[in-house]
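Observations on chain architecture
One letter stands for each residue in the lines below.
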Amino acid sequence: MNSSYSTLRLILGDQLNANHSWYKEKDNSVLYVVAELHQEQKYVKHHVQKIQAFFAAMESFSTALTKAGHDVIHLTLDDTEGQTLDDVIIELVRRFNVNQFQYQQPDEYRLAEQLSKISHDYLNNIEVFSTEHFFLEQSELKNYFKFNTAHRMEAFYRKLRKRFNILMDGDEPVGGEWNYDSANRNKMKQADIEKVPQPLQFTNDVSTINARLKKHNISTIGTGGNSLLWPINRSQAKELLAFFLDNCLPLFGYYQDAMVYENNDTSSSLWSLYHSRVSFALNAKMLSPGYVIKQAITKYQNSDKVSVEQIEGFVRQILGWREFVRGIYWINMPSYKSLNGLSATNDLPDYFWDGNTKMACMSQAIKQSLTTAYAHHIQRLMVTGNFALISGLHPDQVDDWYLGIYIDAIEWVELPNTRGMSQFADGGLLASKAYAASGNYINNMSDYCKNCHYNVKLKTEDNACPFNALYWNFMVEHENKFKSNPRQSMVYRNWEKKTDADKDALLQRADWILKNINKI
């Protein structure tokens with residue numbers, strides 16, 4: 001390492017893109033810095049595996065850059081104690097006589113703001129680069145999104161399919177349909193469950209990271225030992241993707257919404273089902289969305305086991321949804337973060353932190369999340385998210401929980417999914433309806449209900465599924481917002497068909513549940 005450098009380049013923990021143009025040439029006048037920051041551990045309480053994964057991936061990336069001939073300084077919590085990101089940068093600028101500071105555009109608004117305000121008193125030249133990761137550059141988002149305006153993923157998705165020529169046959173979509181979501185809603189039968197492949201898991205040693213977390217009193221949620229099952233470098237991420245393409249993609253689409261009860265043991269195959277689990281690798285930029293989609297389409301084209309329904313469902317999640325929520329986030333920040341269109345005010349129940357509830361679906365989804373730092377999109381949207389919505393939980397608290405508990409949760413992707421899709425707190429900027437549902441939806445898509453203390457068929461009895469009364473109470477409470485919505489008008493016609501006695505019983509049951517929410 002030199003005593004001075006002309007340029008300091010910052011690499012954030014979610015910018016581990018080995019293919020970035022920064023690294024094409026070695027330059028001994030450039031110093032790269034990767035830093036574990038106390039501020040990033042404390043703005044929300046994170047799952048311990050999330051911190052382990054980011055710290056391990058940052059260390060692995062630093063080592064790889066050093067081996068490739070770049071000058072890198074990797075700072076741990078020991079090195080950055082008592083310092084903010086600003087402090088770290090300014091100290092390095094002084095220490096190495098740096099006259100130019102460069103960084104890649106952060107994906108989170110708060111970090112973008114923080115970096116944009118770094119004092120020019122210590123830096124003569126500051127330059128911002130693209131992360132070279134997404135399909136759309138950040139400067140292009142304004143061409144697809146407008147502030148405080150409702151947008152729909154499907155229209156956006158079709159535009160990107162055409163622009164980037166993905167799953168296209170000339171001007172038409174491969175297979176003749178743009179979207180095969182209707183084929184992606186299958187419940188798994190016992191025979192299907194028995195065929196689920198054992199998931200690929202890694203054994204990355206994170207004991208030294210755990211020691212640092214303990215030393216610095218970093219408060220976390222969830223469980224995590226000295227061995228981490230998640231990928232921490234590009235090689236492992238590619239291995240995980242290959243495993244998915246070979247073993248899971250052939251049935252991914254059919255069962256991507258299915259949920260299966262299990263004992264929250266990572267030795268089971270049922271916590272991951274047919275999902276890829278590459279979202280952490282994508283969001284940390286160890287893999288690019290372009291690479292993932294290219295590999296998936298190559299598998300589809302060369303395998304008679306992968307149908308168009310499977311590949312389209314997978315591509316839609318990455319090219320469609322992932323790029324879409326990013327656009328919603330950036331075009332509406334910072335005001336998006338405070339939206340509460342349904343005026344929800346209730347506190348998060350205690351069992352969100354331990355899963356100790358008699359509701360089997362909630363217990364299952366929460367305990368799995370605490371054990372693995374993972375749950376698939378329907379568990380997040382239609383179990384915990386649905387419950388939070390119909391219980392009127394404050395979106396600030398819901399956001400913090402989702403942002404903390406999931407390994408792939410970075411604000412740009414978490415916030416629109418939670419505040420927009422799940423909680424409808426943005427008033428419909430992202431979704432065309434509130435994703436509220438009774439216990440019947442969960443029963444249709446899972447086997448959770450047969451393992452539950454409550455009876456999903458009952459509505460108002462003491463042992464009736466809480467989702468049932470809460471659902472009706474929510475829809476009645478927000479009738480003025482939803483009754484004119486064509487996608488939800490049928491609900492109110494069904495409500496009007498109920499007797500006054502049935503209506504009163506449902507609302508009274510919901511009132512009792514909300515007043516005793518920590519006991520259910």
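Before reading on, note that the structure itself is shown above.
Values in this document were obtained by computation on a predicted structure and should not be read as measured data.

This brings us to the overall build of the chain. Looking only at helices and strands, one finds 22 helices and eleven strands in the chain. Over its C-alpha trace the chain gives a radius of gyration of 24 Å, about what one expects of a compact globule, namely 24 Å for 520 residues. Projected onto its principal axes, the C-alpha positions of the chain cover 80 × 50 × 45 Å. Pairs at least 24 apart in sequence give 77% of the contacts found in the chain among residues at least 6 apart.

Another aspect to go through is the pairing of strand β4 (residues 71–75). The buried fraction of β4 is high, at four of five residues. For strand β2 (residues 30–35) and β4, the ladder comprises five bridges, and the chain directions are parallel. Across the sheet, V34 pairs through a bridge with H74, a residue of β4.

Turning next to the environment of P334. One can find P334 in the loop between α13 (308–332) and α14 (360–372). Sequence separation of P334 and Y109 is 225 residues, and the distance between their C-alpha atoms is 7.3 Å.

What follows covers the pairing of strand β5 (residues 100–104). Among the five residues in β5, five count as buried, and that is most of the element. A two-sided burial pattern is seen for β5, the buried positions comprising Q100, Q102 and Q104 on one face and F101 and Y103 on the other. Inspection of the sheet shows strand β1 (residues 7–11) paired to β5 by four bridges, in the parallel sense. When the bridges of β5 are listed, L8 appears paired with F101. Note: β5 against strand β6 (residues 125–129), five bridges, orientation parallel. Residue pairing in the sheet places Q104 in a bridge with F129 of β6.

Spatially, the five strands line up as an open sheet ordered β4-β2-β1-β5-β6, and their pairing is parallel. The open sheet terminates on both sides in strands that have one partner only, identified here as β4 and β6. Direction aside, neighbouring strands of the sheet carry axes that sit 20 degrees apart on average. For β1 and β2, the ladder comprises five bridges, and the chain directions are parallel. Note that in β2 the partner of T7 across the bridge is V30. Against the sheet, helix α4 (residues 85–95) makes contact with β1, β2, β4 and β5, and its axis sits at roughly 155 degrees relative to β1, the strand it touches most.

Glancing now at the packing of helix α15 (residues 377–390) against helix α19 (residues 466–477). As a packed pair, α15 and α19 sit with axes 9 Å apart at the nearest point and diverge in direction by 50 degrees. Between α15 and α19, the angle is such that the two are oblique. Between α15 and α19 lies a crossing whose hand is left-handed. Residue-level contacts link V383, N386, F387, L389 and I390 of α15 to F467, L470, Y471 and F474 of α19.

Scanning the model with the defined rule gives four cavities of 30 Å³ or more in all. Each pocket or cavity is described by its volume, and for the largest cavity that value is around 360 Å³. Lining the largest cavity are 26 residues, and of these G13, D14, E40, Y43 and F54 lie nearest its centre. Contributing elements (two or more residues each) for the lining of the largest cavity: β1, α1 (38–42), α2 (48–67) and α5 (109–116). No other element matches the five residues that α2 contributes to the lining of the largest cavity. By residue class, the composition of the lining of the largest cavity is 15 nonpolar, three polar and eight charged. Approximately 90 Å³ is the volume attributed to the second largest cavity. What lines the second largest cavity is a set of 14 residues, among which C361, C449, C452, C465 and F467 lie closest to the centre. Mapped by element, the contributors of at least two residues to the lining of the second largest cavity are α14, α18 (439–445) and α19. A per-class count over the lining of the second largest cavity returns twelve nonpolar, two polar and no charged.

By volume, the second largest pocket is sized at about 190 Å³. In terms of lining residues, the second largest pocket is bounded by 20 residues, among which A344, S391, G392, E477 and H478 are the most central. At the level of elements, α15 and α19 are the ones that each hand at least two residues to the lining of the second largest pocket. Across the lining of the second largest pocket, the residue classes break down as ten nonpolar, nine polar and one charged.

This next bit is on the state of the cysteines. Tallied over the full model, the rule gives zero disulfides. The cysteine C361 is free of any disulfide, with C452 supplying the nearest cysteine sulfur at 6.4 Å. Note on C361: relative accessible area 9%, which makes it buried. What makes C452 partly exposed here is its relative accessible area of 25%.

The rules we used
Residues numbered from 1 in each chain as written. Predicted model: local features only at pLDDT ≥ 70, side-chain atom pairs only at ≥ 80, totals over all residues. Heavy atoms only, no water. Helix = DSSP H or I, 4+ residues; strand = E, 2+ residues; numbered from the N terminus. Rg over C-alpha atoms; globule rule 2.2 N^0.38 Å. Contact = heavy atoms within 4.5 Å. Buried < 20%, exposed > 50% of the residue type's maximum accessible area, 1.4 Å probe, protein only. Pairing = 2+ DSSP bridges. Axes fitted to C-alpha atoms, helices over the stretch in contact; angles between N-to-C directions. Parallel < 35°, antiparallel > 145°, perpendicular 65-115°, else oblique. Left-handed = near helix turned anticlockwise from the far one by under 90°. 1 Å grid on protein atoms, 1.4 Å probe; cavity = no way out; pocket = protein on both sides within 12 Å on 5 of 7 lines; lining within 4 Å. Points joined across faces, edges and corners; volume = space filled by probe spheres on them. Nonpolar A, V, L, I, M, F, W, Y, C, P; charged D, E, K, R; others polar. Disulfide = S-S within 2.5 Å.

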